Structures are given as structure tokens and as C-alpha cells.
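Given next are the chains, with one letter for each unit.
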Amino acid sequence: MKDYIQDSSITNSQILEKKLDILLTNLRYEQKQLAHWKSGKMSVTAVPGAGKSHSLATTAAILIARNNLNINKQLVIVTYTRSAAMAIEAKIKQHLIDLDISQDGFMVNTLHGLALQIINNHPNFSKLNLTNSTLINLTPNHKIIENSIDKWIDNNPLHYQSLLKGVVINESRTEQLRRKSILRNEIFPRFAYSIIREIKSSGLTLKDFEKINDRKHDNYQTLLLAVSLYKQYKTVMKSSNFIDYDDMIHEAINILDDSDIRQVWQQKVFAVFEDEAQDSSPLQEKLISTLASDHNNPTFEVNLVKVGDPNQAINSTFTAADPIYFNWFCEACKKDKTLVKMNQAGRSNIDIINAANFSLKWMRDEWIKKQTNLKNSFSEQQTLEKNIPFHVQEIKLVDKNDPQVNANPQSSNPGLEIHIPQDIYHSIKLIRQKIITILRKNRNQSIAILVRENTQSHFLAQNLKDFPEKYKISIYEVGKQNQFSQIPKDILTLLKFMDRPHSLSYLKNSLKILEKQNLIIKQDWNKIIMNPEDFLYSTSLLSEPEKSVIQARNYCRSLLKAKLELPSYYLIAFLGTILKYESMELASVQKLSDTIYDELNGTITLKNIIDVLKKIIDLEQFEEITEDNEQPYVRPNQVTIMTMHKSKGLDWNYVFLPFLHEDILSGEIKISATSKFLGNFSLAEIARTQIRALSHEKYLSYENNICTNEIKQVWEQSKLLKKAEEYRLIYVAITRAKNLLWMSAAQKGPSYWRNIKEKVFLQNKAPCLIFSALMNKFPHLVVRH
Ligand SMILES: Nc1ncnc2c1ncn2[C@@H]1O[C@H](COP(=O)(O)OP(=O)(O)OP(=O)(O)O)[C@@H](O)[C@H]1O
């Protein structure tokens, strides 16, 4: 390269062309198809590790250079998390620096960031007044949700009664009180939270919902309940002058309805590239396809490229994302011959690739088997077959002379180990030995232990805590860092209780936090605190409660005593001690306390503290103190402990997947015992499945029975979708490993992972189904201990 740069007869544009050629040559054949995109719609579906992010960044740089993109004509890249946006932006910038061209021909943004930019650019056209409104981060316990529920109950007494009645008839007054408390404080908040997000992202309007009025409904009229609660929420939000994150996307779409504004944006946008497109929703689709259209020729093909892997969709059971939209986009591109498949991946060793390919095929076959058992009508069966939530894909090794250094790394030992330790402590012992051996040989290796739940991360971290000192190996427990964001919310909950101890919900929420911190024992609080007064100040007329209840009561009483006895400026620090926070968490508590008192500027009362803290939480203004705010998940000589969900998009040399047990990885939706009077299902999940089905109807040419079927059938459907997502989660985890994938399912483990102390009772555990299938497929790699 240096030769031609120094050759004075070569012009700058020739040098640029040469550099672009090199960039292109360094892509694989499949990746080049993306880099050759010129206009129109294209879909790229790629196996894990195929280089989606890598080739997207290279393609962006080539397009920016070849089309002279600049601040007035930009390539827009949309991703789903801020960290992914930052990573892609850094890669593109580096290419542009190497190419010696300006860096303003592109923008990388999350969808919300993009929406905010549109709103801010046209403040006079926006109905949302971002300066006078409060942007809230919706949670199930948010006051707005509580208010919406209360209003809905007042306005819909008959519908409410039918829910209270449930399917288990019990008219006793105590039972009625209990049900009221559970509906109001448990079922409705979760229901409202999930349907609000689902409806908002569904792309459905209230008009769309009107058409379901005449259809048959289930006994609880779940869909109608969802829509009327949603309407109530909108009214309450409006009257409080609040907006939520999804309002911003709606508002950006509304602003773009204006033809002049649309023209400005469509002329500015060269094309839109969407990364992780399997996580898209109809609302997002609407915004980006508007931006990607040609203003002068609206019937022309959109300049839209979607890149994703449908088999890595792991957000659809807790957000409104749904891989089905990406699949449909791929189908459309296939017809137009603009579907690109990237099947070669250089990330992993061949044994890991074989395990991943086998797992995916097994998952798909299993799902089809289950689905066939659920045979509905013929037409439904056909639709379901078309919408199998696993894409047929096989990861292939890269060719010889691949541009990736050390592609498909080889090792003298197998790249897959399947262990069956005696119990979870034995698993830890094996993991410890293996890590020490790996890093003794080569300190440059990166290692991750991926688990299903944060409680398991914590257990692992506790059992590896001597590593930094004894073996000079760093331990990074990711969940622990993230728990810090919970600190202000937990403190607020306790303060609210201290302010109004007779509020049933405040008391219950506080008990849950004490429970989460392992300070008190988990129990059915609905029964115990039905009357807060009795619970807090029991009189001798009432029978002596159990020890565990007394313990909980003492904690609550000490909170109330602190309110009376401590100066207000000391309350937050006091709560940090009560909750037994550790050093880094306590530093965050101190920072929080300082921030609040600075804001209050002298007038410190409990009520004022609560008000300021609420504002801080709603505006997400508080940044906790963490060991490293950049959260470097992949580092040499470090063991990163995190959940499988968080691991998406990352890779490590060595990946450990311990505790692969069926009870935790079955994908069963857990229904709390207290809510069973409604039936053996989750009302929130029923509504989500129905809303999704209705939203799919917009793309299908016929009515989708799922939204009006009997609850039993809808529930079966919800369960299947959840199971499919759980399977995909394991697929994501498996495909993170480069050199070695170490899997285990111990024969004995705890029934409950929270707060595992020495000598906890262990019970027999069944391995999860995929683990058993892998054992059967690769018996020579199984180590029984
Ligand atoms: N053409 C290439 N030349 C060099 N390295 C490459 C090439 N393609 C991919 N890689 C490397 O392969 C690894 C995986 O790439 P990348 O992370 O882009 O894959 P991905 O498809 O986005 O993965 P995932 O599906 O897991 O998110 C990275 O280390 C990347 O640098």
C-alpha cells in the first residue's frame, strides 16, 4: 500500500480507490454481496460470527467514500443498544480515518436517539413539549400505572368483578380482599406494563382495535381489557404531562407526516442500514422505512438494508420485538433476489460449530413436533408452519486463506466438553481448575461464564473471589455492576413506606426489597399484611406470628423508628446500611445522597427527598459509581460472569456454561400461586400473544384466530413462543465461544438459587433437554465425574 501512496503520479482519487479495493478484498465472498449494495431493499441473514457487524462497518465506509456522503447526505445506521451503536461508530470512523476522508457522512443511532433527533430538529411541529414534559421510564410499579389501574377499576366495575370472580369460586370476604390486593398490586401492574409497551410498538392504532369489538372474545375479554387500560393510561399520561420513550418514536413518525419535513429528511438520508434486525417491531419498521423512501418517487423501492439473525432473537418475550417481521422482510427480498445469506463464520472451532448446528436443528425439530400436537384448523396449521421461530441455517467453516486471522481456531484438545459433575460445588471446582490451567498457559485468553440468572452469577463470583489475590486473575461480575441502577429505586421504595406506612403497596414493595437483599425470608405477603396495622403493631389479642414474620416486622419497625429519630439528611445513608450494601454500592448511595441534598439546598424533609429522588429516577439522571463505567466485558486474563442475554454480540476464547438444568432453562412461563384464581395462565402473556396476532394480521391476508380464541389455546401459543425464545437463548450462548465451549449440568443443585450459603440442601436435578440431546449426539465428549 505504501508504494502507491508514495508514487507521485497517482492521484488522490486513485489512492482512495486502491484503499477501497483492499477493504473489499478483505471481505469474504458472502460479505462482499452486502458491500456491493447500491440501492433498493436488501436483507442479510447471517449465522452467528459471520461478520455482520464487521461487514456492515466496512460497507458503510465504502458507501460513504464512493458516494461522497457528507453532513447533507448521510448513511443512517440503526442499532438497538447504545453500546452497539458506539462499537459500530468506532469501526466506521477508523475506516474513514484510514481512507483519509471526512467523518460526517454517516450517523449511528439507536431508534430512540434517532426519534429524539427528529423531534429536536422540528420543535414547532411537535406536540410533545420536551422541555415542559417529563420523560418517564415506565416500570410496573410506576405511579402512572397505579393511577391508570385505579381509574380503570372505577370506570369498569363489571369487567373488574368478572376478574375478581375468577374460575375458582370463593365468595368469602377474606378471599375477596386477598384477590383485590393481588389484582391491584400484582396482576394488573405487570399486565398494564406489558400491554402498554406491546400496543405502542405494535404499529396498531386504536382504530385497528375497534374492528375486534364484534369478534368473539375469551371469558375475561382480555384484549378489550388491554385496550381500555391502555386508553386510561394515555389519558393519565396526558393529564400529568408525561411522555414515555415510545411516545418519542410515535411523535417522530407524526412529524414526518408533514410533507415538507419528510422531504428534508428523505433528501438528507442516503439509505438506512438496520443492525440486529431480528429485534425490530412494526413501529420501528415504520420510522425507518419512512426515512429510507425517495421523496420524489414514493413508489420506488426503499433504500433499506436489514442485517440480522432470526435465530438470535432473544428479546421478544420481554419487549415488543418480534423476529417475524425480519423473516417477512427476508421473504420479500428473496422474491426480489436481494436476500443475502452469510453462512461462513470464522469465530469458532469446528467442534463448537458442530454443537451449534446440531442444537439449532434439534430445537427446530422439537418445536415442529410440539406444534403439530397442537393442531388447530388447517389454515392455522399452515400459517404456523410458515412462521416456525427457527430459521434453517448451518454455520460453515471459512475457506482457506480467509482474511480473518486465526479463523476457526484449532486446538489439540476437543473444542467442546460436556461435563456431569456430582453437584454444583463440584462444577465450581472443575471450572476453577480449568481456568487456572488455561491462564497459566497463556494469560492473553479471554474467558466468560454465562448463566441464566443473576443469582447464579453471584454464586459463581462468591466462589471465585480469591482469584484476583491468589492467582492474579480478574473477576468481572457484570450483573453486580448493573444492580447499581436499582439502588435509587430501592431507596425510594423504602422512603415511600416510611412516609406512608399504612399503604399496602408501599409496605409490600418494601418487604420485597428486604427479601431481595436476603434480609428476610420470602413468603406470601398478601396473606400476612392484609392489614398493615396488625402486621406492624400486632396486639396481644392476635396470635403470635411466626419467627420469619417477626423478623420482617422488626425490619419495618426499625425503618419507621429511623424516620422519627434520625435527622432527615441522614436517612439515605441509613438505608444503605440497612440494605447491607457493599463498598462500591455504598459509594453510590453516598453520591445519591449528596446529589439529593445539593438539589434540596437546605429544606430537607422526607417528602422533599422523595420528590427529588422520583425526579432523578424518572429522568434517569443518576449515574452510579462502578469500577469501570465502560464495562469492558472481554479482556485478557479476566473471567467475565454474566447472563446469556447480555452476552449477545460478544465472544471469548473460552466459554463456560454451567448449571444447564431443565428447571431453569425449560422456557416454562412461571405463574405465581397467588394469581391462580384467574386460571392456570398469565393474563399479561395472553394479552401480548393476542396483540401480536392482531398486529400480524396487518401483514397477512386473513383473520388470525389467535386473538379471539379461547384462553387455553392462546396460552398454549404463548408457552410455545416462550420456549422457542429460551432455546434461541441457549443457541446464542453456545455460539459465543471461539476455542472451547465447556458445558455442564450437575446432578444435584439447589431448588432456589437466591442466597446460596454453605451446606444448602441440594436436590436431584435433570439436565435441560438440549444438554441431553448434545450428550447423546457427542457421547465421546461427555465426562461423567
Ligand atoms: N472479513 C473478515 N476479516 C477479518 N475478520 C473478520 C471478517 N469477518 C468477520 N471477522 C471477525 O469475526 C468475528 C465475528 O464478527 P462479527 O462480530 O462482526 O460477527 P457477527 O455476525 O456480528 O456475530 P454475532 O452474530 O455473534 O453478533 C470478529 O472478530 C470479526 O472481526
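Calculation rules
- Residues numbered from 1 in each chain as written.
- Predicted model: local features only at pLDDT ≥ 70, side-chain atom pairs only at ≥ 80, totals over all residues.
- Heavy atoms only, no water.
- Helix = DSSP H or I, 4+ residues; strand = E, 2+ residues; numbered from the N terminus.
- Rg over C-alpha atoms; globule rule 2.2 N^0.38 Å.
- Buried < 20%, exposed > 50% of the residue type's maximum accessible area, 1.4 Å probe, protein only.
- Contact = heavy atoms within 4.5 Å.
- Pairing = 2+ DSSP bridges.
- Axes fitted to C-alpha atoms, helices over the stretch in contact; angles between N-to-C directions.
- UniProt positions renumbered as here; feature names shortened; annotations may be inferred.
- Domains from an automatic or database assignment.
- Buried area = accessible area lost by both parts, 1.4 Å probe.
- Salt bridge = Lys/Arg side-chain N within 4 Å of Asp/Glu carboxyl O.
- Polar contact = N/O pair within 3.5 Å; in protein donor to acceptor, adjacent residues only side chain to side chain.
- Near = heavy atom within 4 Å.
- Areas by Shrake-Rupley, 256 points an atom, 1.4 Å probe, with all protein chains shown as cover.
- Nonpolar A, V, L, I, M, F, W, Y, C, P; charged D, E, K, R; others polar.
- Phe/Tyr/Trp six-rings, centres within 6.5 Å; stacked < 30°, edge-to-face > 60°.
- Lys NZ or Arg CZ within 6 Å of the ring centre and 35° of its normal.

Caption draft 1: Quick peek at the overall build of the protein chain. In terms of regular secondary structure, the protein chain is built from 33 helices and 17 strands. The C-alpha atoms of the protein chain give 28 Å as radius of gyration, which agrees with the globular expectation for 785 residues (28 Å, within 12%). Taking all 785 residues of the protein chain together, the buried fraction comes to 55%. Counted over contacts in the protein chain with a minimum sequence separation of 6, partners at least 24 positions apart contribute 80%.

Caption draft 2: Seen up close, the sheet that holds strand β12 (residues 638–643). Across the sheet, seven strands lie side by side as β11-β12-β10-β13-β14-β9-β17; this open sheet has parallel pairing. Each edge of the open sheet is held by one strand with a lone partner, namely β11 (474–477) and β17 (782–784). With direction set aside, neighbouring strand axes in the sheet form an average angle of 20°. Two elements, strand β13 (residues 652–657) and strand β14 (residues 737–744), share five bridges in a ladder whose sense is parallel. Bridge assignment links Phe 656 to a residue of β14, and that residue is Trp 742. Where helix α33 (residues 769–777) meets the sheet, it contacts β9 (416–420), β14 and β17, and its direction lies at approximately 115° from that of β9.

Caption draft 3: Broad picture of the UniProt feature "binding site: ATP" (unreviewed entry) in the protein chain. Here the UniProt feature "binding site: ATP" (unreviewed entry) sits at Ala 46, Val 47, Pro 48, Gly 49, Ala 50, Gly 51, Lys 52 and Ser 53. For Val 47, the position within the fold is in the loop between β1 (41–46) and α4 (52–66). Once you skip the residues sitting within four places of it in the chain, Val 47 turns out to touch Lys 52, Asp 309, Met 342, Asn 343, Gln 344, Ala 345, Gln 393, Glu 394 and Ile 395. When its relative accessible area of 1% is taken as the criterion, Ala 50 is described as buried. Excluding anything up to four places from it in sequence, Ala 50 contacts Arg 28, Gln 31, Met 342, Gln 344 and Ala 345.

Caption draft 4: Spotlight on the environment of Thr 11. Among the secondary structure elements, Thr 11 is positioned in the loop between α1 (2–6) and α2 (12–25). The class of Thr 11 is partly exposed, set by a relative accessible area of 41%. Sequence-wise, Thr 11 and Lys 748 are 737 residues apart; in three dimensions their C-alpha atoms are separated by 70 Å.

Caption draft 5: Structural context of the domain arrangement of the protein chain. Segmentation of the protein chain into domains returns domain 1 (2–123 + 249–342), domain 2 (134–240), domain 3 (350–473 + 637–674 + 719–784) and domain 4 (484–618). If you average the C-alpha positions of domain 2 and of domain 4, the two centres end up 28 Å apart. Here domain 2 packs against domain 4, burying approximately 1,100 Å² in sum over the two surfaces, 48% of which is carbon and sulfur. It is Arg 178, Asn 185 and Glu 186 that lose the most area in domain 2 upon contact with domain 4, and together they represent 33% of the buried surface on that side. The tally of links from domain 2 across to domain 4 stands at one salt bridge.

Caption draft 6: Summary view of the side chain of Ser 647. Within the secondary structure, Ser 647 sits in the loop between β12 and β13. Engagement of the side chain of Ser 647 in a polar contact is seen with the backbone oxygen of Met 644, the distance being 2.7 Å. In contact with Ser 647, not counting residues within four places along its chain, are Leu 450, Met 642, Trp 652, Val 732 and Arg 736.

Caption draft 7: The arrangement of the site of the ligand in detail. Near the ligand, the surroundings consist of 17 residues, among which Asn 26, Lys 52, Gln 312, Arg 347 and Arg 736 are the closest. Separating a nitrogen atom of the ligand from a side-chain N or O atom of Gln 31 is a distance of 2.9 Å. Interatomic distance of 2.9 Å between a backbone N/O atom of His 54 and an oxygen atom of the ligand. Protein chains bury 84% of the 630 Å² of accessible surface belonging to the ligand in isolation. It is α4 that contributes the most residues to the shell around the ligand, three residues altogether. A breakdown of the residues in the shell around the ligand according to their chemical character gives four nonpolar, nine polar and four charged. Here the shell around the ligand spans two domains, and each of domain 1 (2–123 + 249–342) and domain 3 (350–473 + 637–674 + 719–784) adds at least three residues to it.

Caption draft 8: How the structure looks around the side chain of Ser 505. By the secondary structure assignment, Ser 505 is in helix α23 (residues 504–516). Not counting the four nearest positions on each side in its chain, Ser 505 is found in contact with Glu 146 and Asn 185.

Caption draft 9: Representation of the environment of Asn 739 within the structure. Among the structural elements, Asn 739 can be located in strand β14. Sequence separation between Asn 739 and Gly 203 is 536 residues, and the spatial gap between their C-alpha atoms is 43 Å. If near-sequence neighbours (up to four positions away) are discounted, Asn 739 is found in contact with Asn 349, Ile 352, Pro 409, Gly 415, Asn 653 and Tyr 654.

Caption draft 10: Expanded view of the sheet that holds strand β3 (residues 106–110). Pairing within the open sheet is parallel, and its six strands lie in the order β3-β2-β6-β7-β1-β8. Bordering the open sheet on either side are β3 and β8 (339–342), each of which pairs with just one other strand. For this sheet, the mean inter-axis angle between neighbouring strands, taken without regard to orientation, is 15°. Together, β1, β2 (74–79), β3, β6 (269–274), β7 (304–308) and β8 form the strand contacts of α4, whose direction differs from that of β6 by roughly 175°.

Caption draft 11: The packing of aromatic side chains, seen in detail. Summed over all chains, the structure comprises 17 aromatic pairs. Geometrically, the ring pair formed by Tyr 220 and Phe 681 is tilted, given 6.3 Å between the ring centres and 55° between the ring planes. With Tyr 220 in the loop between α10 (206–210) and α11 (222–240) and Phe 681 in the loop between α30 (662–665) and α31 (683–697), this residue pair connects regions lying 461 residues apart in the sequence. In this structure Tyr 220 comes out as buried when scored by relative accessible area, which is 5%. Take Phe 681: its relative accessible area is 10%, and that puts it in the buried class. Where Phe 358 meets Phe 778, the ring centres are 6.1 Å apart and the plane angle is 80°; that geometry is what we call edge-to-face. Here Phe 358, found in helix α16 (residues 350–373), pairs with Phe 778, found in the loop between α33 and β17; they are 420 residues apart in sequence, far enough to count as distant. Residue class for Phe 358 comes out partly exposed when judged on its relative accessible area of 21%. Exposure remark for Phe 778: the relative accessible area of 10% places this residue in the buried category. Looking at Lys 306, its charged tip hangs above the ring of Phe 329, at a distance of 5.1 Å from the centre.

Caption draft 12: Spotlight on the environment of Ser 744. Residue placement: Ser 744 occurs in strand β14. The class of Ser 744 is buried, set by a relative accessible area of 0%. For the pair Ser 744 and Ser 427, spaced 317 residues apart in the sequence, the C-alpha separation amounts to 7.3 Å. Apart from residues no more than four positions distant in its own chain, Ser 744 is found in contact with His 419, Pro 421, Ser 427, Leu 657, Pro 658, Phe 659, Leu 660 and Phe 771.

Caption draft 13: Up close: unusual backbone geometry. One non-glycine residue, Asp 100, lies in positive phi territory at about 65°. Located in the positive-phi region is Asn 518, a residue other than glycine, with phi close to 60°. Mapped onto the secondary structure, Asn 518 falls in the loop between α23 and α24 (525–528).

Caption draft 14: Summary view of the pattern of salt bridges. Applying the stated criterion to the full structure yields 34 salt bridges. A salt bridge links Glu 198 to Arg 688, with the shortest nitrogen-to-oxygen separation between them at 2.9 Å. Placement of Glu 198 in helix α9 (residues 173–202) and of Arg 688 in helix α31 is noted, with a sequence separation of 490 residues between them. In this structure Glu 198 comes out as buried when scored by relative accessible area, which is 3%. In this structure, Glu 725 and Arg 728 form a salt bridge, with 3.3 Å as the shortest nitrogen-oxygen distance.

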